[in-house]
Each structure stands twice: as structure tokens, then as C-alpha cells.
Amino acid sequence: MSDVEITATLLVRSGPRKGKRFSLDGEEAFRIGKLEDCELVLRDEFVSPLHTVVERRDDVWVAVNRGVNGTLVNQQSIEGVRVLEAGDLIQVGGETLIEFGTKERRRKRKQEVTTLDDGKPKPLWQRPVVLVGLGAYLLALIVVAIVLSSGSVGGGWGLTRDYADQLVEASRSFLESDAPATSELVRGAVRPDDPGDPSARYWALVAARRSDASGDETARLVDGLVEDIDARLFDAWRMEQRRNWSGAVTAYRAIERLVPTLRCPATAYAVSRLSELVETES
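The text that follows walks through the structure, step by step, so that each part is easy to find. (Residues numbered from 1 in each chain as written. Predicted model: local features only at pLDDT ≥ 70, side-chain atom pairs only at ≥ 80, totals over all residues. Heavy atoms only, no water.)

1. Some points on the sheet that holds strand E3 (residues 29–33)
Pairing is mixed in the open sheet, where five strands are placed in the order E4-E3-E5-E6-E9. Whereas interior strands pair on both sides, the edge strands pair on one side only; in this sheet they are strand E4 (40–41) and strand E9 (81–83). Bridging between strand E5 (residues 52–57) and strand E6 (residues 60–65) involves six bridges; their strand directions are antiparallel. Each residue of the ladder has a partner; that of glutamate 55, found in E6, is valine 62. (Pairing = 2+ DSSP bridges. Helix = DSSP H or I, 4+ residues; strand = E, 2+ residues; numbered from the N terminus.)

2. Description of the environment of serine 77
Positionally, serine 77 belongs in strand E8 (residues 76–77). In this structure the C-alpha to C-alpha distance between serine 77 and isoleucine 90, which are 13 residues apart in sequence, comes to 9.8 Å. Aside from chain neighbours lying at most four places away, what touches serine 77 is Thr71 and Leu72. (Contact = heavy atoms within 4.5 Å.)

3. Side note on helix H4 (residues 215–241)
Helix length check: H4, at 27 residues, gives a terminal C-alpha distance of 38 Å against a target of 39 Å (1.5 Å per residue), a fit within 8%. Count one or two residues on from H4 and you reach arginine 243, which has phi positive near 60°. (Expected span 1.5 Å × (residues − 1).)

4. What about unusual backbone geometry?
With a phi angle near 55°, asparagine 74 is a residue other than glycine that sits in the positive phi range. Within the secondary structure layout, asparagine 74 lies in the loop between strand E7 (71–73) and E8. Residue classification places asparagine 74 among the partly exposed positions, given a relative accessible area of 33%. In this structure, arginine 243 takes a positive phi of about 60° despite not being glycine. Take arginine 243: it is sitting in the loop between H4 and helix H5 (245–258). (Buried < 20%, exposed > 50% of the residue type's maximum accessible area, 1.4 Å probe, protein only.)

Here it is as C-alpha cells:
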């Protein structure tokens, strides 16, 4: 049996339910419309009682239009059924844009405790899993440094979707390593007392790393942070496509507050891009 399984998700990119993510695990059909028993209920006047259904057919997911006003996939009206691929954008009504995504998830295995010859647990730096994680994180940092120094992202080019995806994965590698427990802060960043602060989840991850908390807890925190980074990078990309520089600055500053350390690739890029945008505006 493979150690990796593919899961499907729907992420609301714009509209009243913006930021809401739905997992399609165990679902055969996901209904979108005004009806109360729909999995995603929308009050838009252009949305039908049952407007769109995302359903599994054999090994693929498809979007099925059921609404009077039609359903768009990647800005094209679908005729009946449309096979979905990762990254496809589904528009329902006049306000809601939903991204279909797939995600590889590694099945958990029972871990054996690694000990020294005297029976004591090995320190973190001697554990193979930690070494591999740190290696992947350092490699991701090298890639980011090369791209930033080459000037291929920034200046007049701005953020691209492909590079945003790379930043998300590089940031996940950082968050999944033990590096957050010893990360330096962005200048001016302080540990918040308010649990509603954007960086509260990052500080919770730092505390979990330092206390050697359970894998389930740290995985939940990492997944939440990665989702937030992905959403903010999508906002930045969209603002840059529209040449809405003030909107892009707002999105990048949100990333800077979310994970306040330059060792996180997304934060490092956000700080670099902010300096370029502020200089351009001035």
C-alpha cells in the first residue's frame, strides 16, 4: 500500500464565505446553493436553490451545473459536466469564487523511539527524521535566496502563481522542521498576549516544538499556518495582477505578521517585496 494518499478540497477564494475550506474526504457529492441542506449555502441573488454540484465519478472529480444562471470554471461557462483539475477556479453566482485543489497526505505510521546505547532518547540533532527535515528546509532557503538574488521575482515582474506555490511548499518545510523553536524574529515583532493576533498560531507552534508536543497537535498548527500563508499569497498575487499596489502591500504585511521570522521563505519574500513596492510608490 502506498504511503501517500490524494485528498481533494474546496477553498473559497472570494465572496461571503472567503477563507472557508472544505475537505471532500468521504464525500461523493458536494452541493452548493441556497438550500439549507447544501454543504455550502450561499445567499447570493444569482445563486439557484441547487446551483452547482462537485462530485466524484470513478477516479476524478467533476463540476455539474444545476443553476439557472450557469456555473463558470476558469471563467468559462460549463456545459453540463466539467472534469476538475487542481487549481481550477469555480465561480458560483456573482460573488463566490472557489478553488478546487488536491493534496498529498502521508499516512501515519507507528514510530519507534530512537535511543542511544545507554537507553536514553537521542537528542533532536541525532534523529534521522529531524536531519532530513532540516536538510529539506535548508535546500528550500537556498532556492529562495537564489531566486531573490537573481531578481526574477520582484521589480516589474511581481509574484506569479507558480512561485507562490513554491513559497507555500518551502514554508511548509520550514514549519515542519524544528527550526521555528530557534527562529529569529522580524525586526519589531513581539510575542502577542492577544490570542486573536495573526501570529498567535505561530507562537503556539513554537511552544509545541519546544515542549515536544504530540505530532497531531503540531501537524494541526502547521496545516493551519500553511492554509493562511496560501490564502494571503493568493491575495497578493491577485492584487499584483490588478496592479493594485496598496492591496498587495496589505497582503504582504499580513504574511509578515502571520509568521514573524525571516527564516520562513514566505515571510522573507514578503519583506523583500514590501521594500520594492514601498520604494516604487515613493
